[in-house]
Amino acid sequence: MKTKRDLRHFTSFMILFAFMVLAASSSFPQDPQTDLDKKVLDFLQTHKYQWRYENISEEDGKFLYNLILEKDYKNALDIGTSTGHSAIWIAWALSKTGGKLTTIEIDEGRHQKAMLNFERAGLTDYIDARLADAHDLVPQLEGPFDFVFLDADKNWYVNYLNHVLPKLKVGGCFAAHNVRNLRYMRGIREFLELIQSLPELETTIDETSSMGISLSYKKK
Ligand SMILES: C[S@@+](CC[C@H](N)C(=O)[O-])C[C@H]1O[C@@H](n2cnc3c(N)ncnc32)[C@H](O)[C@@H]1O
């Protein structure tokens, strides 16, 4: 007959086992495999509670990181760098796929802080950080891109999509942040209507992100 103590041991074992399965199922490197992993993880750990400029959450960063690795994306664009949180997660994944990121920020102070963060995280070689108005620069970028993360001015989301779509590779993903944010409802509503109506896109909304990330894959 099982004693209460046996039962407690069994429950603890099952919790530990479930935790290990969950950890193993994520490709996020809890154990750094390279010097770069160690540097990025140290940076992210040190700065965990210091992201104050409308930056994405750590959960959303991990989500982008895992998506890029899973799809083996290589040519990425990040619109709205701020101080670089999303860019760091994206560029870290690209350092493993052999890719490169272009990121755009209009505010000089944020751009400078981002540059410093990229250097501290050891990711400068994987990032082309531009100080520019994305309204002007995005139409000029040549592409092609296989991953785009849009997190800038919401009332321009539709225009960004229209400019980037011809430069997005088939199989590529156009991800947009804050699609659940009611503050920006007008721009976001138009954007959601557009991505859900275009026949060349297959769109889902990531339910795990509290802010909402739309993922539109180019089918043809
Ligand atoms: C929500 S924040 C981006 C956060 C960033 N993705 C991160 O996780 O660190 C939006 C940024 O877009 C920038 N932005 C707004 N309009 C822009 C434009 N027209 N061109 C470039 N950047 C713009 C803002 O200055 C702001 O820093």
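Just above, that's the structure.
Predicted, not measured: the structure shown is a model, and the values here were computed from it. (Residues numbered from 1 in each chain as written. Predicted model: local features only at pLDDT ≥ 70, side-chain atom pairs only at ≥ 80, totals over all residues.)

## Remarks on the site of the ligand
At step 1: By nearness alone, 21 residues border the ligand, and Gly80, Ser82, His85, Ser86 and Ala134 come closest of all.
At step 2: At the level of elements, helix H4 (85–97), strand S2 (100–105) and helix H6 (134–140) are the ones that each hand at least two residues to the shell around the ligand.
At step 3: The class makeup of the residues in the shell around the ligand is 6 nonpolar, 8 polar and 7 charged. (Near = placed C-beta within 6 Å. Helix = DSSP H or I, 4+ residues; strand = E, 2+ residues; numbered from the N terminus. Nonpolar A, V, L, I, M, F, W, Y, C, P; charged D, E, K, R; others polar.)

## Considering the sheet that holds strand S6 (residues 201–206)
At step 1: In spatial order, the strands read S3-S2-S1-S4-S5-S7-S6; together these 7 strands make up an open sheet with mixed pairing. The sheet terminates laterally at strand S3 (127–131) and S6, the two strands that pair on one side only. Averaged over neighbouring strand pairs, the angle between their axes works out to 15° when direction is ignored.
At step 2: Contacts from helix H5 (residues 108–121) reach S2 and S3 within the one sheet, and its direction differs from that of S3 by about 165°. (Pairing = 2+ DSSP bridges. Axes fitted to C-alpha atoms, helices over the stretch in contact; angles between N-to-C directions. Contact = placed C-beta atoms within 7 Å.)

## Here we look at unusual backbone geometry
At step 1: Of note, the amide linkage connecting Gly143 to Pro144 takes the cis form, showing an omega dihedral of -5°.
At step 2: Of note in this structure, Glu54 is not a glycine but carries a positive phi near 60°.
At step 3: With respect to the element layout, Glu54 can be found in the loop between helix H2 (35–46) and helix H3 (58–71).
At step 4: Positive phi is not limited to glycine here, since Ser82 has a value of about 50°.
At step 5: The residue Ser82 is located in the loop between strand S1 (75–79) and H4 in this model.

## Some points on the environment of Asp72
At step 1: Among the secondary structure elements, Asp72 is positioned in the loop between H3 and S1.
At step 2: What makes Asp72 partly exposed here is the crowd of 13 C-beta atoms within 10 Å.
At step 3: When the C-alpha positions of Asp72 and Asn181 are compared, they lie 29 Å apart, and in sequence the two are 109 residues distant. (Buried ≥ 20, exposed ≤ 12 C-beta atoms within 10 Å, placed from the backbone.)

Everything listed here is a matter of geometry and, on its own, says nothing about what the molecule does.
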